Amino acid sequence: QVQLVESGGGLVQAGGSLRLSCAANGRTFSIYTMGWFRQAPGKERRFVAAIRWSGGTTYYADSVKGRFTISRDNAKNTVYLQMNSLKPEDTAVYYCAASVARSTVTTPEVYNYWGQGTQVTVSS
């Protein structure tokens, strides 16, 4: 089992920045990919970014490329999502997820473990 705990959400004005953190506990050696997803009210959960735990290859949704950066600190078993130039349409609950399989990174179904979510609200 892997437990994920997110932090760092909040309220920010458009153009501002936030950094989300996701700390992993438990069988972290089994993690192959860590990802961030977001879900706005009334909408489906959507891929934001992902990083391979070993090697550090990163992946981004087109909507956040150039604005968001995913990174990891293996010693702390923590993944970060630095969000810059935030827009009102980035408002959502952001979820951290972990996958133990060598598979695609953009589909929620391939992730085995999920955090509780953290609210990000961007005001115009």
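You'll find the structure just up there.
Residues numbered from 1 in each chain as written. Predicted model: local features only at pLDDT ≥ 70, side-chain atom pairs only at ≥ 80, totals over all residues. Heavy atoms only, no water.

Participant: Could you clarify how one ought to interpret the side chain of Glu6 in this entry?
Facilitator: Position of Glu6 relative to the elements: it lies in strand β1 (residues 2-7). A distance of 2.6 Å separates a polar side-chain atom of Glu6 from the backbone nitrogen of Cys96. A polar contact of 2.6 Å, which involves the side chain of Glu6, links it to the backbone nitrogen of Gly117. Not counting chain neighbours up to four residues away, the residues in contact with Glu6 comprise Ser21, Cys22, Trp36, Tyr94, Tyr95, Cys96, Gly115, Gln116, Gly117 and Thr118. (Helix = DSSP H or I, 4+ residues; strand = E, 2+ residues; numbered from the N terminus. Polar contact = N/O pair within 3.5 Å; in protein donor to acceptor, adjacent residues only side chain to side chain. Contact = heavy atoms within 4.5 Å.)

Participant: Where do I start with unusual backbone geometry in this structure?
Facilitator: What you tend to see is this: most non-glycine residues have negative phi, and most peptide bonds are trans. Positive phi, normally seen in glycine, also occurs at Asn77, with a value near 50 degrees. For Asn77, the location among the structural elements is in the loop between β7 (68-73) and β8 (78-83).

Participant: Quick question: what am I supposed to make of the state of the cysteines here?
Facilitator: What is meant by a disulfide is a covalent connection between two cysteines, made through their sulfur atoms. By the definition in use, this model includes 1 disulfide. Between the sulfur of Cys22 and that of Cys96 lies a disulfide, 2.0 Å long from S to S. Disulfide Cys22-Cys96: the torsion about the S-S bond is -80 degrees, which places it as left-handed. Remark: Cys96 occurs in strand β9 (residues 92-99) and Cys22 occurs in strand β3 (residues 18-26); sequence separation between them is 74 residues. By the burial criterion, Cys22 is buried, and Cys96 matches it. (Disulfide = S-S within 2.5 Å. Buried < 20%, exposed > 50% of the residue type's maximum accessible area, 1.4 Å probe, protein only.)

Participant: Explanation requested: the pattern of salt bridges in the structure shown.
Facilitator: Pairing between side chains becomes possible if they bear opposite charge and their charged atoms approach one another. Inspection of every chain in the model, using the stated rule, returns 3 salt bridges. The partner of Arg38 in a salt bridge is Asp90, and the shortest N-O contact between them spans 2.9 Å. Residue Arg38 is found in strand β4 (residues 33-39), and its partner Asp90 is found in the loop between β8 and β9; the two are separated by 52 residues along the sequence. Judged on exposure class, the residue Arg38 and its partner Asp90 are both buried. Here Arg67 makes a salt bridge to Asp90, at a shortest N to O gap of 2.7 Å. One end of the pair, Arg67, is in the loop between β6 (58-60) and β7; the other, Asp90, is in the loop between β8 and β9, with 23 residues separating them in the sequence. (Salt bridge = Lys/Arg side-chain N within 4 Å of Asp/Glu carboxyl O.)

These results come straight from atomic positions and should not be treated as a statement about function.
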